[in-house]
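# Observations on the three-dimensional arrangement
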Amino acid sequence: MSDPAVRVDITSQVPPYEQIRAQLAALIRTSRLAEGERLPTVRQLAADLGLAPGTVARAYRELEAAELIRTRRGAGTRVAALPSEPHRHDVDQLTTLARDFTSAARALGADTEDILTAVRDALDPGPASPSATADSGEGGPKTASVGASHGGEETGLSGRRAK
């Protein structure tokens, strides 16, 4: 299984800190990032995504405010236990994300069926295709995979640009 990835599309109308926050929150709420799993440092994630550390710090602050992560000096930033009450999503934010995705997909020449297929595939992700994480040079969205613990060793992030 591949590591969960965080992508930032600097051409999106959604601010980069919000893209990071929303993606990490989703990874935590769907248990793709488990309780106690260590997240990269603010500086490391910022470097991997080519962003300013303040951008990542803001995303982390908002995740802490939502009680999804906790930061302890010397222990780093880790995934917190999920809150007992169910999470209610922000309908306006979801609509904005859907419009951004649809607009980008249409710009690529995708028709409605292609878009719906992509959404269905994203809802039930299988193994990542090699082209989804290939280095495409300058331009496109930036991706960083969030490492998981393996036998006591933690893997870090590998910054990549998505096609």
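As the structure is a prediction and not an experimental result, all values here were calculated from the model.

### Considerations on the overall build of the chain
- Across its full length, the chain holds five helices and seven strands.
- Going from N to C terminus, the chain has its helices and strands arranged as β-α-α-α-β-β-α-α-β-β-β-β.
- For the chain, the proportion of its 163 residues judged to be buried stands at 29%.
- Residue pairs at least 24 apart in sequence account for 57% of intrachain contacts in the chain once pairs closer than 6 positions are excluded.
- Here the chain has roughly 10,300 Å² of accessible surface; of this, 53% comes from carbon and sulfur atoms.

### Considering unusual backbone geometry
- You will see that Ser 31, though not glycine, has its phi angle at about 65°, which is positive.
- Turning to its location among the elements, Ser 31 is positioned in the loop between helix H1 (16-29) and helix H2 (42-49).
- Even without being a glycine, Glu 67 presents a positive backbone phi close to 60°.
- Mapped onto the elements, Glu 67 comes out in the loop between helix H3 (53-65) and strand E2 (69-72).

### Section: the nonpolar core
- Within the largest apolar cluster, 22 residues are counted, with the highest numbers of intra-cluster contacts made by Ile 20, Leu 24, Leu 33, Leu 45, Leu 49, Tyr 60 and Leu 63.
- With six residues, the top contributor of residues to this core is H1.

### Thoughts on the packing of helix H4 (residues 91-107) against helix H5 (residues 112-123)
- Interaxial distance between H4 and H5 falls to 10 Å at its minimum, and their mutual angle equals 130°. Relative to H5, the element H4 lies oblique. As H4 runs across H5, the sense of the crossing is right-handed. When H4 is examined against H5, the residues Phe 101, Thr 102, Ala 105 and Arg 106 are found in contact with a partner set consisting of Thr 112, Ile 115, Ala 118 and Val 119.
- Here the residues of the contact of H4 with H5 sort into five nonpolar, two polar and one charged.

### Thoughts on the pattern of salt bridges
- Taken as a whole and assessed by the stated rule, the structure comprises three salt bridges.
- Taking the shortest distance from any N to any O, the salt bridge between Glu 18 and Arg 21 comes out at 2.6 Å. With Glu 18 and Arg 21 both in helix H1 and three residues apart, the pair spans about one turn of that helix.
- Linking Arg 58 and Glu 62 is a salt bridge whose minimum nitrogen-to-oxygen distance equals 3.4 Å. Here Arg 58 and its partner Glu 62 are both found in helix H3, four residues apart, which amounts to about one turn of the helix.
- When its relative accessible area of 28% is taken as the criterion, Glu 62 is described as partly exposed.

Cut-offs applied
- Residues numbered from 1 in each chain as written.
- Predicted model: local features only at pLDDT ≥ 70, side-chain atom pairs only at ≥ 80, totals over all residues.
- Heavy atoms only, no water.
- Helix = DSSP H or I, 4+ residues; strand = E, 2+ residues; numbered from the N terminus.
- Buried < 20%, exposed > 50% of the residue type's maximum accessible area, 1.4 Å probe, protein only.
- Contact = heavy atoms within 4.5 Å.
- Areas by Shrake-Rupley, 256 points an atom, 1.4 Å probe, with all protein chains shown as cover.
- Core = buried A, V, L, I, M, F, W, Y, C linked by side-chain atoms within 4.5 Å.
- Axes fitted to C-alpha atoms, helices over the stretch in contact; angles between N-to-C directions.
- Parallel < 35°, antiparallel > 145°, perpendicular 65-115°, else oblique.
- Left-handed = near helix turned anticlockwise from the far one by under 90°.
- Nonpolar A, V, L, I, M, F, W, Y, C, P; charged D, E, K, R; others polar.
- Salt bridge = Lys/Arg side-chain N within 4 Å of Asp/Glu carboxyl O.

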